[in-house]
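This is what each chain is made of:
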Amino acid sequence: MDQIIIQDLSIYAKHGVYMEENILGQQFLVSVYIDLDLSRAGQTDDLQHTIDYGKICHFVTNYMQSHTFKLIEAAAEHLAEELLLKYEQMKKVRIKVKKPWAPIGLPIKNVCVSVDRTRHNVYLSLGSNLGDRQAYLQQAIKELDALDSCKVCEQSKVIETEPYGDVPQDKFLNCVVRIETVLNPQQLLEALHAIEANANRTRDIHWGPRTLDLDILFYDHITVNTPQLTIPHADMHNRSFVLEPLCEIAPWYQHPVLHKTVQQLFDQLVKDDDWL
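What you see is a predicted model; the values in this text were computed from it and never measured.

**So, empty space enclosed by the protein**
The full count for this structure, using the stated rule, is one cavity of 30 Å³ or more. Computed from the structure, the largest cavity encloses a volume of approximately 30 Å³. Taken together, Ser125, Asp213, Asp215, Leu217, His233, Arg239, Phe241 and Val242 make up the full set of residues lining the largest cavity. For the lining of the largest cavity, the elements supplying multiple residues, two or more each, are strand E9 (213-219) and helix H7 (240-249). Broken down by element, the residue count for the lining of the largest cavity peaks at three residues, all from E9. Looking at the lining of the largest cavity, its residues break down into three nonpolar, two polar and three charged.

**Thoughts on the environment of Leu84**
Within the secondary structure, Leu84 is located in helix H4 (residues 72-86). Residue Leu84 is classed as buried on the basis of its relative accessible area, which comes to 1%. Along the primary structure Leu84 and Arg119 are separated by 35 residues, whereas in three dimensions their C-alpha atoms are 6.7 Å apart. Beyond its immediate stretch of four places on either side in the chain, Leu84 contacts Met90, Lys91, Lys92, Val93, Arg117, Thr118, Arg119 and Val182.

**Focus on the packing of helix H3 (residues 53-66) against H4**
A packed helix pair is summarised by two numbers, namely the angle formed by the two axes and the spacing between the axes. Interhelical geometry of H3 versus H4 gives an angle of 135 degrees and a closest axis separation of 11 Å. Viewed along their axes, H3 and H4 adopt a mutual orientation that is oblique. Between H3 and H4 lies a crossing of right-handed hand. Along the contact surface, H3 presents Ile56, Phe59, Val60, Tyr63 and Met64, while H4 presents Ala75, His78, Leu79, Glu82, Leu83 and Lys86.

**Some details on the sheet that holds strand E1 (residues 2-13)**
Spatially, four strands are ordered E1-E2-E3-E4 in an open sheet, and the strand pairing comes out antiparallel. Among the strands making up the open sheet, the edge pair consists of E1 and strand E4 (111-118). Adjacent strand axes in the sheet meet at a mean angle of 15 degrees when their direction is disregarded. By the bridge criterion, eight bridges tie strand E3 (residues 92-99) to E4 in an arrangement that is antiparallel. Across the sheet, residue Ile95 finds its bridge partner in E4, namely Val115.

**Quick word on the nonpolar core**
Formed by 32 residues in total, the largest nonpolar core has its most connected members in Val60, Leu83 and Ile95. When residues of this core are assigned to their parent elements, the largest contribution, seven residues, is made by H4. Every residue in contact with Val60, bar those within four places of it in the chain, is listed here: Leu9, Ile11, Val30, Val32, Leu79 and Leu83. Counting 27 residues, the second largest nonpolar core, distinct from the first, contains Val152, Leu189, Leu212 and Ile216.

**Details of the pattern of salt bridges**
A full pass over the atoms with the stated rule returns 11 salt bridges. A salt bridge links Arg94 to Asp116, with the shortest nitrogen-to-oxygen separation between them at 2.7 Å. Taken together, the residues span a long stretch of sequence, with Arg94 in strand E3 and Asp116 in strand E4 at a distance of 22 residues. Classification of Arg94 as partly exposed rests on a relative accessible area of 33%. Taking the shortest distance from any N to any O, the salt bridge between Glu180 and Arg178 comes out at 3.9 Å. A relative accessible area of 23% places Glu180 in the partly exposed class. What emerges from the salt-bridge pattern is a single network uniting Arg119, Glu154, Arg178 and Glu180.

**Overview of the environment of Gly16**
Within the secondary structure layout, Gly16 lies in the loop between E1 and helix H1 (19-24). With a relative accessible area of 0%, Gly16 lands in the buried category. Each C-alpha atom, one on Gly16 and one on Leu144, is 34 Å from the other, the two residues being 128 residues apart in sequence. Leaving out residues up to four positions away in the same chain, Gly16 has contacts with Glu21, Asn22, Phe69, Lys70 and Lys99.

Rules used in this analysis
- Residues numbered from 1 in each chain as written.
- Predicted model: local features only at pLDDT ≥ 70, side-chain atom pairs only at ≥ 80, totals over all residues.
- Heavy atoms only, no water.
- 1 Å grid on protein atoms, 1.4 Å probe; cavity = no way out; pocket = protein on both sides within 12 Å on 5 of 7 lines; lining within 4 Å.
- Points joined across faces, edges and corners; volume = space filled by probe spheres on them.
- Helix = DSSP H or I, 4+ residues; strand = E, 2+ residues; numbered from the N terminus.
- Nonpolar A, V, L, I, M, F, W, Y, C, P; charged D, E, K, R; others polar.
- Buried < 20%, exposed > 50% of the residue type's maximum accessible area, 1.4 Å probe, protein only.
- Contact = heavy atoms within 4.5 Å.
- Axes fitted to C-alpha atoms, helices over the stretch in contact; angles between N-to-C directions.
- Parallel < 35°, antiparallel > 145°, perpendicular 65-115°, else oblique.
- Left-handed = near helix turned anticlockwise from the far one by under 90°.
- Pairing = 2+ DSSP bridges.
- Core = buried A, V, L, I, M, F, W, Y, C linked by side-chain atoms within 4.5 Å.
- Salt bridge = Lys/Arg side-chain N within 4 Å of Asp/Glu carboxyl O.

Right, here's the structure in full:
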């Protein structure tokens, strides 16, 4: 991946644990490493196909001077997130914040914190079979897109499906969306739970009726296995109501565990259902 590199931008700002650091301020040196595709800019010699590093310098300076953090870890974290949210061309950004005047009472050149943050590609499944099903799905998508940390990029058509599992209940409306987010998997899960809670979602019966169900299907190409979260979704390859709309927007996407594309998984599921 190509890079734009800004090294040791000198900024006088007010960050630190001690009160005098927040009041008097001190010098910081900020470096920014931006991963992006520069091939078109190189071919066309046109600024619109790259990111203006002068504007980045001014943005970083203004952000560091208009905010105050106790920890340079927090300053680097929030600055990285703001840059990713502002500049869609950025695929990844590394922020280094150096503190030359760190008050530790020993001779030292500087203290430095470095963070790497990436814009993540995520596929979500949405379902509803209680109340105004269409309205619940539309509201969930609206709330997702309203989050500063997320952007809804694609949406499948909405389909009506039979309920999954052995619990008698009404039919579902289902769809799939692709989002870009700067949230990590656990943070995204918490954001989805909050949106479900806004729709009065309850979890009284496993596979039971619900106003809104939001599931993470894929998060980049990583796998996650924790008590709270499994990525890719553990049972998605058995669910036509997931695979059918997912095929509409990502038929080529390869399952990182099963090593088959979404289209291949859907075709196999249809074949198995026809055989049964």
